[in-house]
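Each chain, written out:
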Amino acid sequence: MESPRPLRYAIVLWWVVAFVLVLQTALMWVGRAALPGQLIEEQRATAADAVARAEQLLLVNTGFAVALAGAYLLLGAMLFKRRPWARILLSVFAAVHLVMLLGTGAVFSTNLILLIFGVVAAVLMWRRPSTEWLTGEHD
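Residues numbered from 1 in each chain as written. Predicted model: local features only at pLDDT ≥ 70, side-chain atom pairs only at ≥ 80, totals over all residues. Heavy atoms only, no water.

Undergrad: Looking at this structure, I do not really get the overall build of the protein chain. What am I missing?
TA: The helix and strand tally for the protein chain stands at 6 helices and 0 strands. For the protein chain, the sequential pattern of α-helices and β-strands runs α-α-α-α-α-α. Here the C-alpha coordinates of the protein chain stretch approximately 60 × 20 × 20 Å along the principal axes. Evaluated residue by residue, the protein chain yields a buried proportion of 35% over its 139 residues. Relative to all contacts within the protein chain whose residues are 6 or more apart in sequence, the contacts with residues 24 or more apart total 72%. Only carbon and sulfur atoms are counted for the fraction: they give 69% of the accessible area of the protein chain, which is about 8500 Å². (Helix = DSSP H or I, 4+ residues; strand = E, 2+ residues; numbered from the N terminus. Buried < 20%, exposed > 50% of the residue type's maximum accessible area, 1.4 Å probe, protein only. Contact = heavy atoms within 4.5 Å. Areas by Shrake-Rupley, 256 points an atom, 1.4 Å probe, with all protein chains shown as cover.)

Below you can see the structure in the form of structure tokens.
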């Protein structure tokens, strides 16, 4: 039996979120030369600490982005295999992602799009047709 349309849309949205996270991270690395200057300008680091702080931010953000993107891709694929636990884990990762974005105040442009896609994907994967398919009898 084929997966319901809302669940397929949810999985595609999770994969889009993963792709945007990876793209955002790649662009951050491309523009890394300007980051120390931005940190100094925003008074988030002194001139002496700016380079080290920029490198630390790049590494931490990259780690989180890779972990989240990997989770979204892998768990989305697990949903296609009718693994109901994947939906719970996806919800947990999405909640952590949401708290991180809101906690850092990074709710601008691309991050707002990620939030919207994540919320829509979460709603779609918890709709009744998705739930019935995931928790119903398996072949």
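Having seen it, we continue.
Undergrad: Even after reading the chapter, I still don't get helix 4 (residues 84-104), so can you show me in this structure?
TA: Because an α-helix packs 3.6 residues into every turn, residues spaced three or four apart end up facing the same way. Spanning 21 residues, helix 4 covers 31 Å between terminal C-alpha atoms, matching the ideal 30 Å at 1.5 Å per step. Every buried residue of helix 4 is listed here: A86, R87, L90, A94, H97 and L101. Projected onto a plane normal to the axis of helix 4, the buried residues spread over an arc of 95° and lie on a single side. Residues of helix 4 that are exposed and angled more than 90 degrees away from the buried face: V99 and G103. Contacts from the buried residues of helix 4 go to helix 1 (5-30), helix 3 (50-80), helix 5 (109-125) and helix 6 (128-135). (Expected span 1.5 Å × (residues − 1). Arc of directions from axis to C-beta.)

Undergrad: I would appreciate a short explanation of helix 6 in the present structure.
TA: Within the span of helix 6, buried status applies to S130, W133 and L134. Along helix 6, the residues classed as buried sweep out an arc of 95° about the axis, all on the same side. Residues of helix 6 that are exposed and angled more than 90 degrees away from the buried face: R128 and E132. Those residues of helix 6 hidden inside the fold are in contact with helix 1, helix 3, helix 4 and helix 5.

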